[in-house]
Amino acid sequence: MSERSYFDWNATAPLRPQARLAFETALLLSGNPSSVHAEGRAARRAVEDARQQVAALVGARASDVFFTSSGTEANMLALSPAWETAAEKQACDRLLISAVEHVSVRSGGRFPRAAVEEVPVDVQGRVNLTALAETLARSKRSLVSLMLANNESGVIEPVAEAAALVHAAGGLLHVDAVQAAGRIPCDMAALGADLLTLSAHKIGGLTGTGALVRSSEDMHLADPLIRGGGQERGLRAGTENVAGIAAFGAAAATARREREAEAKRMLALRDRLEAGLRSIAPQTVIFGLGAERLPNTTLFTLDGMKAETAVIAFDLEGIAVSSGAACSSGKVQPSHVLAAMGVSPALRRGAVRVSLGWETTETDVERLLSAWRKLATALSKGQRGVAA
Ligand code: PLP
């Protein structure tokens with residue numbers, strides 16, 4: 001058994017060996033991908049090969065993939081009022097987001113604050129499609145941004161149904177697929193996504209690499225976030241992160257190849273984990289249980305538990321879990337996702353996220369359960385110094 005059991009894959013997944021190899025190989029390339037000489041062409045080849053691999057993960061064409069520095073940057077780039085299509089040049093007047101989006105989407109991108117509207121979700125955290133349709137009807141041309149799977153609960157959003165509503169209203173749909181990619185099918189056409197965000201470090205690539213993918217070459221943006229040397233076909237200037245992009249490509253290719261088998265294995269482990277959590281402490285609440293969820297994510301709590309204390313207790317047992325979203329865990333912010341699902345403040349305070357990945361084993365799950373037994377027992381005995 002390894003020293004530690006890592007259950008925080010939704011924050012960052014370990015580097016896949018294939019991505020490490022691609023990274024190390026690309027580090028030896030000395031050229032700038034924009035240079036015309038042989039060294040430059042070799043670097044360009046590494047970037048373009050990766051573009052093909054990333055495109056294949058979401059059923060897109062390589063020429064529709066734009067590399068960015070992160071999922072966050074891809075979201076920022078997507079959330080611009082100025083996206084034009086061949087048929088529609090009018091700027092979007094509203095940004096509609098669900099109430100459970102990642103903070104990078106909640107920031108509103110380049111929309112004025114007053115133009116951003118939040119659409120409510122149901123108790124499972126799924127966007128309310130009736131409310132979405134009503135909100136769409138009040139706008140001239142909306143950009144709608146929905147996540148495919150939630151980073152905290154793993155709940156899968158009804159994106160294809162939403163896409164039909166958005167398109168019928170003449171709007172555009174951006175899909176944040178950062179958590180879904182590599183775990184469930186993410187075909188852009190099947191989802192009806194006009195724009196889609198990916199992040200390399202969630203699928204076994206490196207932190208600091210992401211991509212925005214568009215549905216077709218008809219989609220144009222006149223105001224890129226970063227202007228300069230015209231890289232990424234003018235949409236994202238700056239010399240490409242060649243080695244990071246090469247690793248992203250290898251991670252995407254592996255994720256695509258292994259997705260089905262990995263998902264099946266993770267689901268069996270996740271089911272065992274959830275059954276164990278509840279057999280040890282029958283009052284355990286698992287959020288989003290009635291909805292379709294990612295095969296690797298469990299967000300749970302027990303009355304009286306405090307997430308920060310639980311995370312530390314697990315950590316001392318050699319287990320890495322998280323209290324909701326990684327971005328807010330350092331700041332100990334109550335989860336806006338659970339608030340939107342109508343969860344009481346007391347239960348929200350205790351929500352712990354366990355997320356699995358391709359290296360998670362049965363031994364890891366059993367180790368987590370035995371730590372849970374200690375924690376739940378301490379809680380039930382009211383040992384507040386330990387668990388509350
Ligand atoms: N979107 C979602 C749903 C995420 O979970 C995250 C990261 O946790 C991001 C976007 C941001 O991605 P990155 O860490 O690459 O900036």
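Located above this text is the structure these notes cover.
Residues numbered from 1 in each chain as written. Predicted model: local features only at pLDDT ≥ 70, side-chain atom pairs only at ≥ 80, totals over all residues. Heavy atoms only, no water.

Caption draft 1: Fine view of the nonpolar core. Of all hydrophobic cores here, the largest spans 56 residues; its most connected members are Phe67, Leu148, Leu196 and Leu198. The element best represented in this core is helix H8 (residues 242–280), accounting for 10 residues. Leave out the neighbours within four places in its chain, and Leu196 touches Val58, His174, Val175, Ala177, Met188, Leu191, Ala211, Leu212 and Val213. Core analysis: the second largest hydrophobic core is formed by 29 residues, Leu269, Ile286, Trp372 and Ala376 among them. (Core = buried A, V, L, I, M, F, W, Y, C linked by side-chain atoms within 4.5 Å. Buried < 20%, exposed > 50% of the residue type's maximum accessible area, 1.4 Å probe, protein only. Helix = DSSP H or I, 4+ residues; strand = E, 2+ residues; numbered from the N terminus. Contact = heavy atoms within 4.5 Å.)

Caption draft 2: Inspection of the sheet that holds strand S14 (residues 352–355) at higher detail. An order of S11-S12-S14 is seen for the 3 strands of this open sheet, with the pairing classed as antiparallel. Each edge of the sheet is formed by a strand with only one pairing partner; in this case those strands are strand S11 (285–286) and S14. Here S11 pairs with strand S12 (residues 297–301) via 2 bridges, running antiparallel. By the bridge assignment for S12, Ile286 is matched with Phe300. (Pairing = 2+ DSSP bridges.)

Caption draft 3: Region of the structure containing empty space enclosed by the protein. According to the stated counting rule, one finds 1 cavity of 30 Å³ or more in the structure shown. For the largest cavity, the calculated volume is near 80 Å³. The wall of the largest cavity is formed by 13 residues, among which Arg16, Gly182, Arg183, Glu262 and Trp358 lie closest to the centre. A per-class count over the lining of the largest cavity returns 7 nonpolar, 2 polar and 4 charged. (1 Å grid on protein atoms, 1.4 Å probe; cavity = no way out; pocket = protein on both sides within 12 Å on 5 of 7 lines; lining within 4 Å. Points joined across faces, edges and corners; volume = space filled by probe spheres on them. Nonpolar A, V, L, I, M, F, W, Y, C, P; charged D, E, K, R; others polar.)

Caption draft 4: Fine view of the packing of helix H5 (residues 129–137) against helix H6 (residues 159–168). For the pair H5 and H6, interaxial distance at closest approach is 10 Å and the crossing angle is 20°. Looking at the two axes, H5 sits roughly parallel to H6. Crossing hand, H5 versus H6: right-handed. Residues Leu129, Leu132, Ala133 and Leu136 of H5 form the contact with H6, whose own contacting residues are Glu161, Ala162, Leu165 and Val166. (Axes fitted to C-alpha atoms, helices over the stretch in contact; angles between N-to-C directions. Parallel < 35°, antiparallel > 145°, perpendicular 65-115°, else oblique. Left-handed = near helix turned anticlockwise from the far one by under 90°.)

Caption draft 5: Spotlight on the sheet that holds strand S5 (residues 116–119). Reading across from one edge, S2-S9-S8-S7-S6-S4-S5 is the order of the 7 strands in this open sheet, with mixed pairing throughout. Of all strands in the sheet, those with a lone pairing partner are strand S2 (65–68) and S5, marking the two edges. Between one strand and the next, the sheet's axes are offset by a mean angle of 20°, whatever the strand orientation. Contacts from helix H2 (residues 38–57) reach S2, strand S8 (195–199) and strand S9 (210–214) within the one sheet, and its direction differs from that of S2 by about 110°.

Caption draft 6: How the structure looks around the packing of H8 against helix H13 (residues 362–380). Packing of H8 against H13 brings their axes to within 10 Å, and their N-to-C directions diverge by 20°. Taken as axis vectors, H8 and H13 run roughly parallel relative to one another. Relative to H13, H8 is oriented so that their crossing is right-handed. Counting all contacts with H8, which are made through Leu269, Arg272, Leu273, Gly276, Leu277 and Ile280, the residues of H13 involved are Glu362, Val365, Glu366, Leu368, Leu369, Trp372, Arg373 and Ala376. Here the contact of H8 with H13 is built from residues that sort into 9 nonpolar, 1 polar and 4 charged.

Caption draft 7: Examining the pattern of salt bridges more closely. Taken as a whole and assessed by the stated rule, the structure comprises 24 salt bridges. Here Arg293 makes a salt bridge to Glu274, at a shortest N to O gap of 2.8 Å. Of this pair, Arg293 sits in the loop between S11 and S12 while Glu274 sits in helix H8, and the two are 19 residues apart along the sequence. With respect to class, Arg293 is no different from Glu274; both count as buried. Overlapping salt bridges, with partners in common, bring together Arg44, Glu48, Arg51, Glu232, Arg233 and Glu240 in one network. (Salt bridge = Lys/Arg side-chain N within 4 Å of Asp/Glu carboxyl O.)

Caption draft 8: Focus on the pairing of S9. Counting buried positions along S9 gives 5 out of 5 residues, so the element sits mostly inside the fold. Judged by which residues are buried, S9 turns out to be covered on both faces: Gly210, Leu212 and Arg214 on one side and Ala211 and Val213 on the other are all buried. Where S2 meets S9, 4 bridges bridge the pair, whose relative direction is antiparallel. Considered in S9, the bridge of Val65 is made with Val213. Bridge analysis of S8 against S9 gives 5 bridges, and the strand direction is antiparallel. Along S9, the bridge assignment pairs Leu196 with Val213.

Caption draft 9: Molecular detail of the pairing of strand S4 (residues 94–98). In terms of burial, S4 is largely enclosed, as 5 of its 5 residues are buried. As defined by bridge partners, S4 adjoins strand S6 (residues 142–147) across 4 bridges and the pair is classed as parallel. Residue pairing in the sheet places Leu95 in a bridge with Leu143 of S6. In this sheet, S5 lies alongside S4 in parallel orientation, the contact comprising 4 bridges. Counted as the bridge partner of Leu96 is Glu117 from S5.

Caption draft 10: Structural context of H13. For H13, built from 19 residues, the straight-helix expectation of 27 Å at 1.5 Å per residue is met to within 8% by its first-to-last C-alpha distance of 26 Å. Those residues of H13 that fall on the buried side of the exposure criterion are Asp364, Val365, Arg367, Leu368, Leu369, Ala371, Trp372, Leu375, Ala376, Ala378 and Leu379. Among the residues trailing H13, Gly382 stands out with phi positive, at a value near 70°. (Expected span 1.5 Å × (residues − 1).)

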